[in-house]
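# Reading the structure
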Amino acid sequence: MTIDIEGLREFIEARDRSYPPYFAGRKDVIADIKTVCRTMWQRHTAGAPQDKGMTRIIHGAPGAGKTSLLGHLERQWGGSRTGTPPRLLRLVEDTVVSHAEAFHEALIRVVSPELAGKLYAQPGSRVSGGGVQVLGTGGHISVQRAPPMIRPRSLMDLSGLVERWDSPVVVAIDEAQNIGRINAAATAAILQGLHNNLNNLPVMLVLAGLGDTVDRAMELGLSRPAQGTTWTLGCFDEAESDDLIAGWGRHFGLPDGDWRNTMRGIAEDCDHWPVHVQNALMALADEVVAADGRLEDVQSSVLRARSRKRQLAYYRQRMSPEIEGSAYLVGAMMRDLEPARGVIGVDRLIRQHCIDESGWRLPDGMTVNEYFNHLIHRGALHKHLDTGTVECPIPSFRAWLIEQGEPPHENDPEPDSRPSPGF
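Residues numbered from 1 in each chain as written. Predicted model: local features only at pLDDT ≥ 70, side-chain atom pairs only at ≥ 80, totals over all residues. Heavy atoms only, no water.

Attention now goes to the overall build of the chain. When helices and strands are counted, the chain shows 17 helices and eight strands. Looking at the chain as a whole, 51% of its 423 residues qualify as buried. Pairs at least 24 residues apart make up 75% of the contacts formed inside the chain by residues separated by at least 6 positions. Surface exposure of the chain reaches about 19,700 Å², of which carbon and sulfur atoms provide 48%. (Helix = DSSP H or I, 4+ residues; strand = E, 2+ residues; numbered from the N terminus. Buried < 20%, exposed > 50% of the residue type's maximum accessible area, 1.4 Å probe, protein only. Contact = heavy atoms within 4.5 Å. Areas by Shrake-Rupley, 256 points an atom, 1.4 Å probe, with all protein chains shown as cover.)

So, in structure tokens, the structure goes:
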């Protein structure tokens, strides 16, 4: 087996925002989405009415793998040559979903490229709708005005224009916690149309975002999610981490060896958090390339140090001026946070530790609820919809926040000479 050095170099250059070359875990989420697509298509071909409210919401802290999951589906369906694989329309935040005309064009380009060619210019320059990526086009949507008599103004118009559907379609919105900021009314109309599916189309809506994505969807008029329609992405289990490590190694031609045991240990140390495992693999790629493929020259101590450096960089990226300025409050709250606490319990915990002193007070202009939501957005807290409990989704991040938020003791140096708390 020959190690793919050039492939490893490309993997390093892509950094941690790229899709992993080997996807592991999340099998239950993927199976659920595929089941809905299969059911939609069976109903469509049989002429039966579609179920309503088939929307799926996938939420989790930054680095849980939401974007990677969508990328995996995109690649898998795009590379399939058998059956009737779904087509994926992947949107990012508000760029298209806040404009009905842009959204209808994007959907038509997925459903019927031939019809899109008659109604719109070909995909090209980034005129508008720049945040949409349509499977198979390799480009961005350029919205041009078509004659009003033929341009679809609603999903009803679209269903009348498209004579034949040849596959189910998944409309996936990434970073969905931010939707509706540009034009809430237009966004709500589009989402409600997809969610309620009054036009009986074989189209499924998937929202992927942070822990408050469910709340944002309900604010935009989607009904409260039914049981089994929301998925929380948390830490991998040991088997999922091992699958990712082994599959990644096979992808780049690494033979089995001690490196796998080292990587398993690193994964365990970082609580099997997906982005940490991914970054540890990136650190391994650095070392293998530097050693020109000689795995025996890769030192586990150096690999662990590189991985830890990436892990800490991830934690610092989660920080904000608001969290840095309330570091002692965050540390005390995290120390006393218990798994059984819900939103009210965390509210009380914040109020309990909040005092009018530097490092302990709420950020200027923030209420307790706004502060709570800010911690969710930064990945420090996550609310579980099924149980109502709130926790720090990454145990090692919680430990780091507690450590960084330790207030100075009486015997510590004076403030002018004391080093910063580590942010």
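That covers the picture; the talk isn't over yet.
Summed over all chains, the structure comprises one cavity of 30 Å³ or more. What the largest cavity holds in volume is close to 60 Å³. Lining the largest cavity, in full, are M40, D51, K52, G53, M54, T55, L194, H195, N197, V203, M204 and L205. Contributing elements (two or more residues each) for the lining of the largest cavity: α7 (184-196) and β5 (203-209). In terms of residues, the lining of the largest cavity owes the most to one element, β5, which gives three residues. (1 Å grid on protein atoms, 1.4 Å probe; cavity = no way out; pocket = protein on both sides within 12 Å on 5 of 7 lines; lining within 4 Å. Points joined across faces, edges and corners; volume = space filled by probe spheres on them.)

With respect to the helices and strands, S307 occurs in helix α12 (residues 300-318). In contact with S307, other than residues within four places in its own chain, are I266, A280 and A283.

This part is about the packing of aromatic side chains. As enumerated under the stated definition, the model contains eight aromatic pairs in all. Taking 5.8 Å as the distance between ring centres and 65° as the angle between the ring planes, the aromatic pair formed by Y314 and Y315 counts as edge-to-face. Exposure class is identical for Y314 and Y315. Each is buried. Between Y315 and F397, the aromatic rings sit 4.8 Å apart at their centres with planes inclined by 10°, giving stacked as the arrangement. Here F397 lies in helix α17 (residues 395-404) and Y315 lies in helix α12, a separation of 82 residues in the sequence. In this structure Y315 comes out as buried when scored by relative accessible area, which is 0%. Ring-pair connections join several aromatic residues into one group, and the members of that group are Y314, Y315, F397 and W400. (Phe/Tyr/Trp six-rings, centres within 6.5 Å; stacked < 30°, edge-to-face > 60°.)

Topologically, R56 is positioned in strand β1 (residues 56-59). The class of R56 is buried, set by a relative accessible area of 7%. For R56, the side chain forms a polar contact with the main-chain oxygen of M54, separated by 3.2 Å. Every residue in contact with R56, bar those within four places of it in the chain, is listed here: D32, V36, M204, L205, V206, L207, G228, T229 and W231. (Polar contact = N/O pair within 3.5 Å; in protein donor to acceptor, adjacent residues only side chain to side chain.)

What follows deals with the pattern of salt bridges. Pairing between side chains becomes possible if they bear opposite charge and their charged atoms approach one another. Here the structure, examined in full by the defined rule, presents 19 salt bridges. A salt bridge links D242 to R264, with the shortest nitrogen-to-oxygen separation between them at 2.7 Å. Here D242, found in helix α9 (residues 238-251), pairs with R264, found in helix α10 (residues 258-269); they are 22 residues apart in sequence, far enough to count as distant. Given a relative accessible area of 30%, R264 falls into the partly exposed group. (Salt bridge = Lys/Arg side-chain N within 4 Å of Asp/Glu carboxyl O.)

Another aspect to go through is α10. Here α10 contains 12 residues, and its C-alpha end-to-end distance of 17 Å stays within 8% of the 16 Å for a straight helix at 1.5 Å per residue. Within α10 the residues assigned to the buried category are W259, R260, T262, M263, G265, I266 and A267. Tucked into the core, α10 has its buried residues touching α9, α11 (274-290) and α12. (Expected span 1.5 Å × (residues − 1).)

On to unusual backbone geometry, then. The phi dihedral of N197 falls on the positive side, at around 50°, and the residue is not glycine. Secondary-structure assignment places N197 in the loop between α7 and β5. Look at D271: it is not a glycine, yet its phi comes out positive at around 65°. Relative accessible area serves as the criterion here: at 22%, D271 is assigned to the partly exposed category.

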